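Residue-level structural notes
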Amino acid sequence: MSNIPVPPGNVQWGGRFAQGPSAIMQAINASVGFDRKMWRQDIRGSLAHAGMLAHVGIISAADEAAIRGGLERIGARIEAGDFEWSEALEDVHMNIEARLTEAIGEAGKRLHTGRSRNDQVALDVRLWVRDAIDGLSAQLQDVMRAMVARAAEHAGTVMPGFTHLQPAQPTTFGHHLLAYVEMLSRDLSRLADCRRRLNECPLGAAALCGTGFPIDRHMTAAALGFDGPTRNSLDSVASRDFAAEFLFCCAMCATHLSRFAEEVVIWTNPYFGFVKLSDAFTTGSSIMPQKRNPDAAELVRGKTGRMFGALVGMLTVMKGLALTYFKDMQEDKEGIFDSAETLTLSLAAVAGMVKDLQPNVARLAEAAGAGFSTATDLADWLVRELHMPFRDAHHVTGRLVAKAESMGTELAALTLTEMQAVEPRITDAVFGVLSVAASVRSRTSYGGTAPANVARMAAEWQLRLAP
């Protein structure tokens, strides 16, 4: 058990208070149950702060060496699970500082010179979010690489393209996957933008107005890998827009993953039968032995709501706060932690599913030709070959679709005579554009679904994403 003394109030700020907090106050006030996730960032910030204090002569080199050694030993104990966290000490910052003082004596009490918990927590959260962004960005690239690999493999595998979940035009499975690569690339870019904006160091803003000690904020910023210090001490401790932006990035990425997950749910339904997932990413039923449920995809879809909630929660906490710091802002952390961890799991699940799923090529090809999916190709042919205005071509094609539908057949199965009964100028050359293969081959415009385009774009992405 720890020998840390905890007198009435709090060992760190108890001088002002004669009596300790009520049990309810202690319970609502303490955050160490969740903010101890930031212990690495807290120690990193304290090491940089101590180094700066010694450099400018506020503390001695001996005190700095004692602080450094003590913090490194505390970090090792936390890493090993041999550290007792005290709720009476409220948070990660007080727990580490109290243990440091217990271990090294007076030198530990000098660590907090020139800073406050307000700028300390602002620093720790920025460092934690920055680390989370780096990890999530690497994961995003892993998912993108998996999708690009499958896209290259299936650049020419035709499948139905949908609007309103109704058959629209033929596309390819590779092109479909590359659409998600584009979405995720924007998520990657948003995270990079968020990281760039948050990469300013608030340490040294102190409680809210800076400090009278001759600290060197540029030194601590550089030591911690920031582009520089924040420029306004009030804003430094009062703002969490970087956290809200991070939560938006998580929520937006989760939206994209959820859309893909929804497609997996649809595609694996036997009535579609487009793809199959192995036992690794499906589950069974407690009562129906035949079931194979795409639960990994469903959970990716479901967990999106948690990330939406965290974003709304953060914005709601901040919307009514005057400058500068309020205890409300303690509520910023759990949503950040949960969103980052939930997105980490979702990205891993999607990467696994992408590598695992097996497209049913024959079924995809069969479905690609259903629902008069080459009707637009027919209309385009009428425009090109008969110089018909597109709106007229649209009308003629609609009549031919209605004719085929009434006969229970597809467009390509209509005879030339049957087509000429609607538009006499049609020639047998029209049959060259009515196949699914011809349709996808013809979509050669930049970004189009032609297999050659898809293969080329997949190759470009493979170069861009090369480790």
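Description of the structure in this document. (Residues numbered from 1 in each chain as written. Predicted model: local features only at pLDDT ≥ 70, side-chain atom pairs only at ≥ 80, totals over all residues. Heavy atoms only, no water.)

1. Concerning the layout of surface pockets
Our working rule: Definitions used for this entry: grid spacing 1 Å over protein atoms alone; cavity, a set of points where a 1.4 Å probe fits but cannot get out; pocket, an open set with protein on both sides within 12 Å along at least 5 of 7 lines; lining residue, one with an atom within 4 Å of a point. Grid points are joined across faces, edges and corners, and a volume is the space filled by probe spheres set on the points. Under the convention adopted here, Pro, Cys and the residues Ala, Val, Leu, Ile, Met, Phe, Trp and Tyr are nonpolar, Asp, Glu, Lys and Arg are charged, and Gly plus all remaining residues are polar. Counting from the N terminus, the helices are the DSSP runs of H or I reaching at least four residues and the strands are the DSSP runs of E reaching at least two.
What the largest pocket holds in volume is close to 450 Å³. What lines the largest pocket is a set of 18 residues, and nearest its centre among them are Gly 161, Phe 162, Thr 163, His 176 and Glu 263. Grouping the constituent residues of the lining of the largest pocket by class yields seven nonpolar, seven polar and four charged. Val 265, Thr 268, Asn 269, Pro 270, Val 275, Lys 276, Leu 277, Thr 282, Lys 291, Arg 292, Asn 293 and Pro 294 together form the lining of the second largest pocket. Listing elements by their share of the lining of the second largest pocket, those giving two or more residues are α11 (241-268) and β3 (275-276).

2. Topic: the packing of aromatic side chains
Short version of the rule: Any two rings among Phe, Tyr and Trp, with Trp reduced to its six-membered ring, count as a pair given centres within 6.5 Å; such a pair is stacked if its planes are under 30 degrees apart, edge-to-face if over 60, and tilted if neither. Burial here depends on accessible area, computed with a 1.4 Å probe over protein chains only, as a share of the maximum for the residue type. Under 20% is buried, over 50% is exposed, and the range in between is partly exposed. By definition here, charges over rings are those cases where NZ of Lys or CZ of Arg is within 6 Å of the ring centre and within 35 degrees of the ring normal.
Considering all chains together, one arrives at six aromatic pairs under this definition. When the centroid spacing of 5.6 Å and the interplanar angle of 55 degrees are considered together, the rings of Phe 173 and Trp 267 count as tilted. Taken together, the residues span a long stretch of sequence, with Phe 173 in helix α8 (residues 173-198) and Trp 267 in helix α11 at a distance of 94 residues. With respect to burial, Phe 173 and Trp 267 carry one shared label: buried. Measuring from centroid to centroid gives 5.3 Å for Phe 272 and Phe 274, while their planes differ by 85 degrees, and the two rings are edge-to-face. An aromatic cluster is defined as three or more aromatic residues linked by ring pairs; in this entry it consists of Phe 173, Tyr 180, Phe 260 and Trp 267. Here Arg 99 stacks its cationic end above the ring of Phe 83, 4.3 Å away from the centre of that ring. The ring centre of Phe 226 lies 4.6 Å from the NZ or CZ of Arg 130, which sits over that ring.

3. Some details on the environment of Gln 358
To keep it simple, the criterion reads: Any two residues whose heavy atoms approach within 4.5 Å are treated as being in contact.
With respect to the helices and strands, the residue Gln 358 is situated in strand β4 (residues 358-359). Assessed through its relative accessible area of 47%, Gln 358 is described here as partly exposed. As for Gln 358 and Ala 238, which are separated by 120 residues in sequence, their C-alpha atoms are 50 Å apart. Apart from residues lying up to four places away in sequence, Gln 358 is in contact with Arg 150, Phe 274, Val 275 and Lys 276.

4. Some words on helix α5 (residues 92-104)
For clarity, the threshold we go by: Each helix should span, by expectation, one fewer than its residue count multiplied by 1.5 Å.
Between its terminal C-alpha atoms α5 stretches 18 Å, which fits the 18 Å expected from 13 residues at 1.5 Å a residue. Counted residue by residue, α5 has 10 buried out of 13 residues, so it is predominantly covered. For α5, the complete set of buried residues consists of Val 92, His 93, Met 94, Asn 95, Ile 96, Glu 97, Ala 98, Arg 99, Leu 100 and Thr 101. The inward-facing, buried residues of α5 contact α2 (32-35), α3 (39-55), α4 (61-80), α6 (106-109) and α7 (117-153). With its phi angle positive at about 80 degrees, Gly 105 sits one or two positions after the end of α5.

5. So, unusual backbone geometry
The step from Leu 323 to Thr 324 runs through a cis peptide bond, and the omega angle for that step is 10 degrees. The phi angle at Glu 90 is positive, at roughly 75 degrees, despite the residue not being glycine. Residue Glu 90 is classed as buried on the basis of its relative accessible area of 5%.

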